[in-house]
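# Residue-level structure breakdown
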Amino acid sequence: MAAIIDGSAAATQTKDELKQRISDLASHGIVPGLCVILVGNNPASHVYVKNKEKACQNMNIYSQVLRMPEESSEAEIVNKVEELNRNPKIHGFLVQLPLPSHVNTQRVMNTILPAKDVDGFHPINLGHLLMGEAGPVPCTPAGIIHLIKTTGVTIAGKEAVVIGRSNIVGKPLALLLLRENATVTVCHSHTQNLAAVAQRADILVAAIGKARMIKRSFVKPGAVVIDVGINKDENNKLCGDVDFTDVSEVAGYLTPVPGGVGPMTIAMLLRNTVEAARAQLL
Ligand code: NAD
């Protein structure tokens, strides 16, 4: 039976470590400030933003949510971004995705000041990631690397297979795994013989968005399996991309959904915010 990787416990530990850095900042009169721009009524986005707000409580992080109506124009959203770029109380902010379809998402993201880009999605920050330079790293991939490390399994030299090539999870994660010296394969919707490729993985990450698609036939015995997916099954129950019950019988380590990657993603957002605030001291 797989050992369960407890993302909630790992997130609590990361937040406890951050508290020391936050109190160091307080001694310099700095309270880290995080803002989320939330446009429209996407129900999942509202849940994520609520979780982000909750996480800031008891952390001495100033948090703010700017809610904008669904029909907001691209120019209105860009104006808000530019206000936040100038706001000295806000050290980091993000625009919750997805944006309404009439808005050019990339154009909005490109206006975020890279130093305040706590999601790490600005092309300049993604460029830093590609080059192995310092800068904010996208939260979900950063959290995944942290979770893999909690198992004690060495990443260097291992076969890592990432299923999914989105700009927010799959691609940046592949770069981080390369940085950790894994041998990395990225799979996607055009990949042939997916189960056979996935079976090579010592570290398998599913970031697909398809409920319980990954079965035991995809998993090498003893592998570390990280489930990024957040889906609703046919009974409207929250589940990941991995069939937890089936895969737990062959994997060495496995993240649950909920309680795996999700809490760690939020902890990394707080870490990026604190780092953005600490940059003021340099
Ligand atoms: P996306 O839709 O942008 O990308 C999905 C990827 O899966 C694509 O690259 C696509 O090629 C690939 N794919 C689709 N069908 C496939 C198939 N049959 N075989 C192989 N590959 C296939 O999604 P995303 O934004 O990367 O998110 C993926 C999942 O992770 C979603 O369920 C999302 O809700 C979840 N997510 C969770 C967190 C978290 O904090 N836990 C953060 C981000 C995303």
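Rules of the game
- Residues numbered from 1 in each chain as written.
- Predicted model: local features only at pLDDT ≥ 70, side-chain atom pairs only at ≥ 80, totals over all residues.
- Heavy atoms only, no water.
- Buried < 20%, exposed > 50% of the residue type's maximum accessible area, 1.4 Å probe, protein only.
- Helix = DSSP H or I, 4+ residues; strand = E, 2+ residues; numbered from the N terminus.
- Pairing = 2+ DSSP bridges.
- Near = heavy atom within 4 Å.
- Polar contact = N/O pair within 3.5 Å; in protein donor to acceptor, adjacent residues only side chain to side chain.
- Areas by Shrake-Rupley, 256 points an atom, 1.4 Å probe, with all protein chains shown as cover.
- Right-handed = clockwise from strand over helix to strand, strands pointing away.
- Axes fitted to C-alpha atoms, helices over the stretch in contact; angles between N-to-C directions.
- Patch = residues over 30% accessible without salt bridge, like charges linked within 9 Å, V, L, I, M, F, W, Y side chains within 5 Å.
- Salt bridge = Lys/Arg side-chain N within 4 Å of Asp/Glu carboxyl O.
- Core = buried A, V, L, I, M, F, W, Y, C linked by side-chain atoms within 4.5 Å.
- Contact = heavy atoms within 4.5 Å.
- Parallel < 35°, antiparallel > 145°, perpendicular 65-115°, else oblique.
- Left-handed = near helix turned anticlockwise from the far one by under 90°.
- Nonpolar A, V, L, I, M, F, W, Y, C, P; charged D, E, K, R; others polar.

## So, the pairing of strand β4 (residues 92–95)
- Neither face of β4 is left uncovered, since the one carrying G92 and L94 and the one carrying F93 and V95 both have all their residues buried.
- Pairing between strand β2 (residues 33–39) and β4: four bridges, direction parallel. Residue I37 lies in a different strand from β4, and its bridge partner there is V95.

## Details of the site of the ligand
- Close to the ligand lie 22 residues, the nearest being R165, S166, K210, I230 and T265.
- Interatomic distance of 3.1 Å between a backbone N/O atom of S189 and an oxygen atom of the ligand.
- Between the ligand and T265, the relevant distance is 3.0 Å, taken from an oxygen atom to a side-chain nitrogen or oxygen of the residue.
- Contact with the protein chains hides 73% of the accessible area of the ligand, taken as 860 Å² for the molecule alone.
- In terms of residue count, the dominant contributor to the shell around the ligand is helix α10 (residues 261–278) (three residues).

## Quick notes on the pairing of strand β6 (residues 183–187)
- The sheet contact formed by strand β5 (residues 159–163) and β6 spans five bridges and is parallel. Counterpart to E159 in the pairing with β6 is T183.
- In the classification by handedness, the crossover that spans β5, the intervening helix α7 (residues 170–179) and the parallel β6 is right-handed.

## Some remarks on the sheet that holds β2
- Strand order across the open sheet formed by three strands is β3-β2-β4, with parallel pairing between neighbours. The outermost strands of the open sheet, each flanked by one partner alone, are β3 (62–68) and β4. Within the sheet, the average angular offset between the axes of one strand and its neighbour, ignoring direction, is 15°.

## Comments concerning a nonpolar patch on the surface
- Residues V47, Y48, I230 and L238 make up a contiguous nonpolar surface patch of about 330 Å² in total accessible area.
- Residue classification places Y48 among the partly exposed positions, given a relative accessible area of 31%.

## As for the pattern of salt bridges
- Evaluation of the coordinates by the stated rule reveals 12 salt bridges.
- Among the ionic pairs, E180 bridges to K149, the shortest N-O distance being 3.0 Å. Here K149 lies in helix α6 (residues 139–150) and E180 lies in the loop between α7 and β6, a separation of 31 residues in the sequence.
- A residue is classified by how much of its surface remains accessible, and E180, at 23% relative accessible area, is partly exposed.
- Via salt bridges that share partners, R21, E275 and R278 belong to a single interconnected network.

## Some thoughts on the sheet that holds strand β11 (residues 253–254)
- Strand order in the open sheet formed by six strands is β1-β11-β8-β7-β5-β6, and the pairing between neighbours is parallel. The strands lining the two open edges of the sheet, one partner per strand, are β1 (3–4) and β6.
- Pairing of strand β7 (residues 203–206) with strand β8 (residues 224–227) involves four bridges; the strand directions are parallel. Pairing of A206 across the sheet is with D227, part of β8.

## Section: the nonpolar core
- Formed by 49 residues in total, the largest nonpolar core has its most connected members in I61, I144, I148, L177, I226, V228 and L270.
- Here the element with the most residues in this core is α10; it accounts for nine residues.
- For I226, the residues in contact, after removing those within four places along its chain, are I5, I144, I148, L204, V205, A206, T255 and V261.
- Of all hydrophobic cores here, the second largest spans 20 residues; its members include A201, A223, V250 and A251.

## Thoughts on the packing of α6 against α10
- Look at α6 against α10: their axes get within 8 Å of each other, and the N-to-C directions meet at 115°. Here α6 is positioned roughly perpendicular relative to α10, judged by the angle of their axes. For the pair α6 and α10, the crossing hand works out as right-handed. Within the contact between the two elements, α6 uses C139, T140, A142, G143, I144, H146 and L147 and α10 uses V261, M264, T265, M268, L269, R271 and N272.
- In terms of residue class, the contact of α6 with α10 is made up of eight nonpolar, five polar and one charged.

By themselves, these figures tell us nothing about what the structure is for.
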